Amino acid sequence: MINIVQFLQSSFIVFTLLLAVIFIFFDEPMHMKRGLGRWEKISHLTDGVFSASTFFIGYLALVNKSNFLFYLYCAFSVLTQVLTYKDEFIHKAECLPKEHIIHAC
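Within any chain, residue numbers begin from 1 and follow the written order of that chain's sequence. Local features are withheld for residues below a pLDDT of 70 in this predicted model, meaning they are given only at 70 or higher, and side-chain atom pairs are given and counted only at 80 or more; totals for whole chains, interfaces and linings count all residues. Only hydrogens and water are set aside when side-chain values are computed; all heavy atoms of the structure are taken into account.

Peer 1: Can you help me understand helix 3 (residues 67-85) in this one?
Peer 2: Think of an α-helix as turning once every 3.6 residues; residues three or four places apart then point the same way. Taking 1.5 Å as the rise per residue, helix 3 with 19 residues should run 27 Å; its terminal C-alpha atoms sit 27 Å apart, in good agreement. By the burial criterion, the buried members of helix 3 are Leu69, Thr80 and Leu83. Around the axis of helix 3, the buried residues are gathered within 65 degrees of arc, so they sit on the same side. Facing away from the buried surface of helix 3 by more than 90 degrees, the exposed residues are Asn67, Tyr71, Val78, Gln81, Val82 and Tyr85. Between a side-chain oxygen at the N-terminus of helix 3 and the backbone nitrogen of Phe68 the separation is 3.4 Å; the capping residue is Ser66. Put simply, DSSP marks the helices as runs of H or I at least four residues long and the strands as runs of E at least two long, and each gets a number from the N terminus on. The span expected for a helix works out to 1.5 Å for each residue beyond the first. Exposure classes here rest on a 1.4 Å probe applied to the protein chains alone. A residue is buried below 20% of its type maximum, exposed above 50%, and partly exposed in between. The directions from the helix axis to the C-beta atoms are what the arc is built from. Under this definition, polar contacts are N or O atom pairs within 3.5 Å; protein pairs additionally need one hydrogen-donor-capable and one acceptor-capable atom, and for neighbouring residues in sequence, both atoms have to be side-chain atoms.

So this is what it looks like as structure tokens:
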């Protein structure tokens, strides 16, 4: 029988991979089709690095049961949200509605 910690760790990994698949297979082709400005190219790279770091720190916090890593995960989560939101004004002007739906996910 699986315990709750193992279930949560497995769920965390599965949902992280699911989000990655959504962004790679749905969002990125939309970006390529409309073209990205210089700011968006730099910004998306920054967003990707912070998102991946956030997920990795969260996983380490779960595995190691570390309070410090948990609080670091919380801080990176907020920072990632702020960094991601900065592009919404550009997306509002340049994106199609279906791209907005993917971004909302």
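Peer 1: Just checking my understanding: could you explain helix 1 (residues 4-34) for this structure?
Peer 2: Between its terminal C-alpha atoms helix 1 stretches 44 Å, which fits the 45 Å expected from 31 residues at 1.5 Å a residue. The principal kink in helix 1, of about 35 degrees, is found at Asp27, preceding the proline Pro29 by one to four residues. For helix 1, the complete set of buried residues consists of Gln9, Ser11, Phe12, Thr16, Asp27, Met30 and His31. In the segment just after helix 1, Gly35 is the residue with positive phi, at about 85 degrees. In this scheme, the bend at a residue equals the angle between the axes fitted to the seven residues that finish there and the seven that begin there.

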